[in-house]
Amino acid sequence: MDGLAVSWPRKHEVFGVDISATTYEEAKRVILDAAKAHRSATVTHISSHGLTMAARDPKFREVINRFDIAAPDGQPV
């Protein structure tokens with residue numbers, strides 16, 4: 001599987017922050033696919049507080065927007 005493309009979850013912009021629309025199962029599958037392809041990945045679960053901070057701080061937002069997966073942490077806003 002080395003060298004194959006990894007199909008990351010689709011992202012949606014929320015307050016300027018790119019949030020991955022995914023499920024636990026899809027995230028797990030994609031992360032394992034990346035590992036099998038010897039690709040590193042940057043993954044986070046972002047809270048509503050983190051989303052708000054990223055929306056207000058351009059440097060923080062830039063970092064979060066470079067992550068391969070930035071999924072919501074599951075807590076309601």
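Every chain begins its residue count from 1, and numbering advances along the sequence as written. Note on the predicted model: pLDDT of at least 70 is required for a residue's local features to be given, and 80 or more for side-chain atom pairs to be given and counted; whole-chain, interface and lining totals, by contrast, use all residues. The side-chain quantities take in all heavy atoms of the structure and omit both hydrogens and water.

### A word on the side chain of S20
Phase 1: Secondary structure elements are defined from DSSP: runs of H or I of at least 4 residues count as helices, runs of E of at least 2 residues count as strands, and each element is numbered from the N terminus. Inspection of the secondary structure assignment puts S20 in strand β2 (residues 17–20).
Phase 2: Two residues form a contact once any of their heavy atoms are found within 4.5 Å. When near neighbours in sequence (up to four residues on either side) are disregarded, S20 contacts P9, R10, K11, D68, I69, A70, A71 and P72.

### Here's the deal with the nonpolar core
Phase 1: To form a nonpolar core, buried Ala, Val, Leu, Ile, Met, Phe, Trp, Tyr and Cys residues must be joined to one another through side-chain atoms within 4.5 Å. The rule is simple: take the accessible area with a 1.4 Å probe, protein chains only, and divide by the maximum for that residue type; under 20% is buried, over 50% is exposed, in between is partly exposed. Grouped together as the largest cluster of nonpolar side chains are eight residues: V17, I19, I46, L51, A54, I64, F67 and A70.
Phase 2: Those elements that provide at least two residues to this core are β2 and α2 (48–56).
Phase 3: Residue contacts for A54: discarding those within four places in its chain leaves V17, F60, R61 and I64.
Phase 4: With seven residues, the next largest nonpolar core counts V6, A27, V30 and A34 among its residues.

### Some remarks on α2
For an α-helix, the turn length of 3.6 residues means that residues three or four places apart are oriented alike.
Phase 1: Those residues of α2 lying buried are G50, L51 and A54. Projection of α2 onto a plane perpendicular to its axis shows the buried side chains occupying an angular sector of 100°, all on one side. Away from its buried face, by an angle of more than 90 degrees, α2 presents the exposed residues H49 and R56.
Phase 2: Contacts made by the buried residues of α2 are with β1 (11–14), β2, β3 (43–46) and α3 (58–65). By arc we mean the arc of the directions from the helix axis to the C-beta atoms, nothing more.

### Topic: the side chain of D68
Phase 1: As for its position among the elements, D68 is in the loop between α3 and β4 (69–72).
Phase 2: Although D68 is buried, it forms no salt bridge, and the closest oppositely charged side chain is R39 at an N-O distance of 4.5 Å.
Phase 3: In this structure, D68 is in contact with W8, K11, S20, R39, S40, A41 and T42, ignoring residues within four places of it in sequence. When charges are tallied, Lys and Arg are placed among the positive residues and Asp and Glu among the negative ones, while His and the ends of the chain are skipped. Salt bridges are identified by distance alone: a Lys or Arg side-chain nitrogen within 4 Å of an Asp or Glu carboxyl oxygen.

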